[in-house]
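This is what each chain is made of:
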Amino acid sequence: MVTVRRPDIEDGWYQALRTEFESPYFANIKAFLIEEKKNNIVYPPSPLIFNAFNLTPFDKVKVVILGQDPYHNVGQAHGLAFSVPDGVQPPPSLQNIFKELNNDIGMPTPRTGNLEQWAREGVLLLNASLTVRANIAASHAKIGWQQFTDAAIRALSASKEHLVFILWGNYAIAKESLIDQHKHLVLKTVHPSPLSASRGFFGCHHFSRTNQYLVSNGIEPINWTIS
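Residues numbered from 1 in each chain as written. Predicted model: local features only at pLDDT ≥ 70, side-chain atom pairs only at ≥ 80, totals over all residues. Heavy atoms only, no water.

The subject of this paragraph is the sheet that holds strand 5 (residues 164-168). Spatial ordering of the open sheet is given by 3-2-5-6, a layout of four strands whose pairing is parallel. Looking at which strands have only one partner, the edges of the open sheet turn out to be strand 3 (123-127) and strand 6 (185-189). Strand after strand, the sheet turns through a mean of 20° between neighbouring axes, direction not considered. Pairing between strand 2 (residues 63-67) and strand 5: four bridges, direction parallel. Its bridge partner being in strand 5, Ile65 is matched across the sheet by Ile166. Sheet contacts for helix 7 (residues 145-159): strand 2, strand 3 and strand 5; angle to strand 3, the most-contacted strand, approximately 155°. (Pairing = 2+ DSSP bridges. Helix = DSSP H or I, 4+ residues; strand = E, 2+ residues; numbered from the N terminus. Axes fitted to C-alpha atoms, helices over the stretch in contact; angles between N-to-C directions. Contact = heavy atoms within 4.5 Å.)

Okay, here's the thing in C-alpha coordinates:
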(Lines give C-alpha, C1' and ligand atoms only; values in the text may rest on other atoms or scores of the structure.)
Protein backbone atom coordinates (compact mmCIF):
# COMPACT_ATOMS: atom_id res chain seq x y z
CA MET A 1 0.00 0.00 0.00
CA VAL A 2 1.38 3.41 -1.04
CA THR A 3 1.31 6.08 1.67
CA VAL A 4 0.40 9.50 0.30
CA ARG A 5 2.17 12.31 2.14
CA ARG A 6 -0.29 14.84 3.48
CA PRO A 7 0.29 18.34 2.07
CA ASP A 8 1.48 21.07 4.41
CA ILE A 9 -1.87 22.83 4.71
CA GLU A 10 -4.07 23.96 7.60
CA ASP A 11 -6.28 21.14 8.89
CA GLY A 12 -9.60 22.79 8.13
CA TRP A 13 -8.58 23.29 4.53
CA TYR A 14 -7.24 19.77 4.32
CA GLN A 15 -10.57 18.36 5.44
CA ALA A 16 -12.50 20.63 3.06
CA LEU A 17 -10.29 19.71 0.08
CA ARG A 18 -9.27 16.17 0.94
CA THR A 19 -10.92 14.66 -2.13
CA GLU A 20 -8.95 17.08 -4.30
CA PHE A 21 -5.65 16.10 -2.71
CA GLU A 22 -6.48 12.44 -3.28
CA SER A 23 -7.51 12.92 -6.92
CA PRO A 24 -5.48 11.94 -10.00
CA TYR A 25 -5.27 15.53 -11.25
CA PHE A 26 -3.57 16.63 -8.03
CA ALA A 27 -1.05 13.83 -8.39
CA ASN A 28 -0.40 15.18 -11.89
CA ILE A 29 0.25 18.66 -10.48
CA LYS A 30 2.84 17.26 -8.09
CA ALA A 31 4.49 15.23 -10.84
CA PHE A 32 4.60 18.25 -13.12
CA LEU A 33 6.23 20.43 -10.46
CA ILE A 34 8.88 17.80 -9.72
CA GLU A 35 9.88 17.77 -13.40
CA GLU A 36 9.54 21.54 -13.79
CA LYS A 37 11.96 22.22 -10.94
CA LYS A 38 14.66 20.09 -12.53
CA ASN A 39 15.31 22.71 -15.21
CA ASN A 40 13.47 25.85 -14.12
CA ILE A 41 12.91 28.10 -11.14
CA VAL A 42 9.37 27.96 -9.74
CA TYR A 43 7.70 30.59 -7.59
CA PRO A 44 6.73 30.77 -4.80
CA PRO A 45 9.15 28.53 -2.85
CA SER A 46 7.60 25.15 -2.05
CA PRO A 47 6.91 25.90 1.67
CA LEU A 48 4.81 28.91 0.61
CA ILE A 49 2.62 27.33 -2.06
CA PHE A 50 -0.26 26.99 0.42
CA ASN A 51 0.60 30.15 2.35
CA ALA A 52 -2.81 31.74 1.74
CA PHE A 53 -4.56 28.72 3.23
CA ASN A 54 -2.22 28.47 6.20
CA LEU A 55 -2.45 32.14 7.15
CA THR A 56 -6.25 32.15 6.74
CA PRO A 57 -7.69 28.92 8.18
CA PHE A 58 -10.90 27.61 6.63
CA ASP A 59 -12.97 28.46 9.69
CA LYS A 60 -11.60 32.02 9.84
CA VAL A 61 -12.34 33.16 6.27
CA LYS A 62 -14.48 36.29 6.01
CA VAL A 63 -13.39 37.70 2.65
CA VAL A 64 -11.89 36.24 -0.52
CA ILE A 65 -9.81 38.38 -2.87
CA LEU A 66 -9.08 36.42 -6.02
CA GLY A 67 -5.94 36.88 -8.08
CA GLN A 68 -4.89 35.10 -11.22
CA ASP A 69 -1.24 34.14 -10.99
CA PRO A 70 1.70 34.44 -8.59
CA TYR A 71 4.20 37.19 -9.36
CA HIS A 72 6.88 35.71 -11.59
CA ASN A 73 9.89 37.92 -10.82
CA VAL A 74 12.53 37.06 -8.25
CA GLY A 75 11.60 37.66 -4.61
CA GLN A 76 8.00 38.75 -5.24
CA ALA A 77 5.77 35.70 -4.81
CA HIS A 78 5.06 34.41 -1.30
CA GLY A 79 1.77 32.61 -1.79
CA LEU A 80 -0.66 35.51 -1.30
CA ALA A 81 -2.51 37.18 -4.17
CA PHE A 82 -1.35 40.76 -4.86
CA SER A 83 1.06 40.68 -1.89
CA VAL A 84 4.86 40.89 -1.85
CA PRO A 85 7.27 40.25 1.04
CA ASP A 86 8.63 43.06 3.17
CA GLY A 87 11.35 45.01 1.41
CA VAL A 88 10.00 44.33 -2.09
CA GLN A 89 8.62 47.26 -4.10
CA PRO A 90 4.83 46.96 -4.45
CA PRO A 91 3.94 46.20 -8.10
CA PRO A 92 1.69 48.67 -9.96
CA SER A 93 -1.58 46.82 -9.29
CA LEU A 94 -0.87 46.76 -5.57
CA GLN A 95 0.01 50.44 -5.65
CA ASN A 96 -3.41 51.09 -7.18
CA ILE A 97 -5.07 48.98 -4.47
CA PHE A 98 -3.42 51.22 -1.89
CA LYS A 99 -4.63 54.32 -3.77
CA GLU A 100 -8.21 53.04 -3.64
CA LEU A 101 -7.85 52.22 0.05
CA ASN A 102 -6.77 55.79 0.67
CA ASN A 103 -9.69 57.11 -1.36
CA ASP A 104 -12.19 54.71 0.21
CA ILE A 105 -11.28 54.65 3.89
CA GLY A 106 -8.43 57.17 4.20
CA MET A 107 -5.77 54.53 4.77
CA PRO A 108 -2.25 56.01 4.59
CA THR A 109 0.01 54.42 1.99
CA PRO A 110 1.83 51.65 3.84
CA ARG A 111 5.59 51.22 3.83
CA THR A 112 5.26 47.57 2.81
CA GLY A 113 3.39 45.59 0.20
CA ASN A 114 3.12 42.61 2.54
CA LEU A 115 -0.57 41.77 3.03
CA GLU A 116 -0.10 39.05 5.65
CA GLN A 117 -1.96 41.23 8.14
CA TRP A 118 -5.06 41.00 5.96
CA ALA A 119 -4.66 37.23 5.73
CA ARG A 120 -4.63 36.96 9.52
CA GLU A 121 -7.74 39.17 9.64
CA GLY A 122 -9.65 36.59 7.61
CA VAL A 123 -8.95 37.75 4.05
CA LEU A 124 -8.10 34.77 1.84
CA LEU A 125 -5.71 36.13 -0.79
CA LEU A 126 -6.15 33.35 -3.31
CA ASN A 127 -4.48 33.05 -6.68
CA ALA A 128 -6.24 30.83 -9.20
CA SER A 129 -2.86 29.25 -9.98
CA LEU A 130 -0.61 28.58 -7.02
CA THR A 131 2.72 28.35 -8.85
CA VAL A 132 4.45 29.90 -11.86
CA ARG A 133 7.70 29.43 -13.76
CA ALA A 134 10.14 32.30 -13.21
CA ASN A 135 9.70 35.19 -15.64
CA ILE A 136 6.80 33.61 -17.55
CA ALA A 137 3.35 34.81 -16.54
CA ALA A 138 0.52 32.23 -16.49
CA SER A 139 2.99 29.43 -17.25
CA HIS A 140 1.24 27.05 -14.82
CA ALA A 141 -2.31 28.13 -15.61
CA LYS A 142 -3.17 24.82 -17.27
CA ILE A 143 -1.54 22.25 -15.00
CA GLY A 144 -4.59 21.70 -12.78
CA TRP A 145 -4.37 24.43 -10.17
CA GLN A 146 -7.57 26.07 -11.33
CA GLN A 147 -9.54 22.91 -10.67
CA PHE A 148 -8.11 22.91 -7.16
CA THR A 149 -8.76 26.58 -6.40
CA ASP A 150 -12.24 26.39 -7.94
CA ALA A 151 -12.92 23.59 -5.46
CA ALA A 152 -11.73 25.86 -2.63
CA ILE A 153 -14.15 28.59 -3.73
CA ARG A 154 -17.01 26.10 -3.98
CA ALA A 155 -16.21 24.68 -0.54
CA LEU A 156 -16.34 28.13 1.03
CA SER A 157 -19.54 29.03 -0.77
CA ALA A 158 -21.27 25.79 0.25
CA SER A 159 -20.05 25.59 3.85
CA LYS A 160 -20.33 29.20 4.98
CA GLU A 161 -22.65 32.20 4.99
CA HIS A 162 -22.08 35.94 4.63
CA LEU A 163 -18.67 35.85 3.00
CA VAL A 164 -17.54 38.64 0.70
CA PHE A 165 -15.98 37.59 -2.61
CA ILE A 166 -14.02 40.40 -4.28
CA LEU A 167 -13.51 39.82 -8.00
CA TRP A 168 -11.29 42.23 -9.92
CA GLY A 169 -11.03 41.82 -13.69
CA ASN A 170 -12.63 39.51 -16.21
CA TYR A 171 -10.62 36.49 -15.11
CA ALA A 172 -11.81 36.73 -11.52
CA ILE A 173 -15.35 37.70 -12.50
CA ALA A 174 -15.59 34.45 -14.48
CA LYS A 175 -15.47 32.64 -11.11
CA GLU A 176 -18.77 34.24 -10.08
CA SER A 177 -20.71 31.16 -11.11
CA LEU A 178 -18.97 29.16 -8.34
CA ILE A 179 -20.51 31.34 -5.62
CA ASP A 180 -24.02 31.14 -4.13
CA GLN A 181 -25.05 34.78 -4.17
CA HIS A 182 -28.09 34.07 -2.02
CA LYS A 183 -25.67 33.44 0.85
CA HIS A 184 -22.74 35.70 0.05
CA LEU A 185 -21.87 39.15 -1.30
CA VAL A 186 -19.99 39.38 -4.59
CA LEU A 187 -18.22 42.64 -5.40
CA LYS A 188 -16.76 42.96 -8.88
CA THR A 189 -15.06 45.55 -11.05
CA VAL A 190 -12.13 45.92 -13.43
CA HIS A 191 -8.63 44.84 -12.46
CA PRO A 192 -6.44 47.29 -10.49
CA SER A 193 -3.80 47.12 -13.23
CA PRO A 194 -2.71 50.52 -14.59
CA LEU A 195 -4.27 49.42 -17.89
CA SER A 196 -7.78 49.32 -16.42
CA ALA A 197 -7.92 50.85 -12.93
CA SER A 198 -9.28 54.18 -14.17
CA ARG A 199 -12.25 52.40 -15.77
CA GLY A 200 -13.97 51.51 -12.51
CA PHE A 201 -11.52 50.21 -9.96
CA PHE A 202 -10.86 53.65 -8.58
CA GLY A 203 -14.00 54.62 -6.72
CA CYS A 204 -15.36 51.07 -6.35
CA HIS A 205 -15.30 51.38 -2.53
CA HIS A 206 -14.97 47.61 -2.16
CA PHE A 207 -13.18 47.87 1.16
CA SER A 208 -15.81 49.95 2.92
CA ARG A 209 -18.62 48.00 1.27
CA THR A 210 -17.08 44.77 2.52
CA ASN A 211 -17.06 46.01 6.09
CA GLN A 212 -20.60 47.39 5.85
CA TYR A 213 -21.80 43.95 4.77
CA LEU A 214 -19.87 42.11 7.48
CA VAL A 215 -21.11 44.43 10.23
CA SER A 216 -24.69 44.18 8.97
CA ASN A 217 -24.44 40.42 9.45
CA GLY A 218 -22.91 40.61 12.93
CA ILE A 219 -19.37 39.85 11.78
CA GLU A 220 -16.28 41.73 12.95
CA PRO A 221 -15.08 44.01 10.12
CA ILE A 222 -11.65 43.81 8.52
CA ASN A 223 -8.96 46.20 9.69
CA TRP A 224 -7.58 47.12 6.29
CA THR A 225 -4.89 49.45 7.67
CA ILE A 226 -1.42 47.97 7.22
CA SER A 227 0.99 49.03 9.91
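Right, picking up where we left off after that structure.
We now examine the packing of helix 3 (residues 24-39) against helix 7. Between two packed helices, what matters for the description is the angle formed by their axes and the separation of those axes. The contact between helix 3 and helix 7 brings their axes to 9 Å, and the two run at 130°. Judged by the angle between their axes, helix 3 and helix 7 are oblique. Seen from above, helix 3 lies across helix 7 with left-handed handedness. Within the contact between the two elements, helix 3 uses Tyr25, Phe26, Ile29 and Leu33 and helix 7 uses Trp145, Gln147 and Phe148. Along the lines of polarity and charge, the residues of the contact of helix 3 with helix 7 split into six nonpolar, one polar and no charged. (Parallel < 35°, antiparallel > 145°, perpendicular 65-115°, else oblique. Left-handed = near helix turned anticlockwise from the far one by under 90°. Nonpolar A, V, L, I, M, F, W, Y, C, P; charged D, E, K, R; others polar.)

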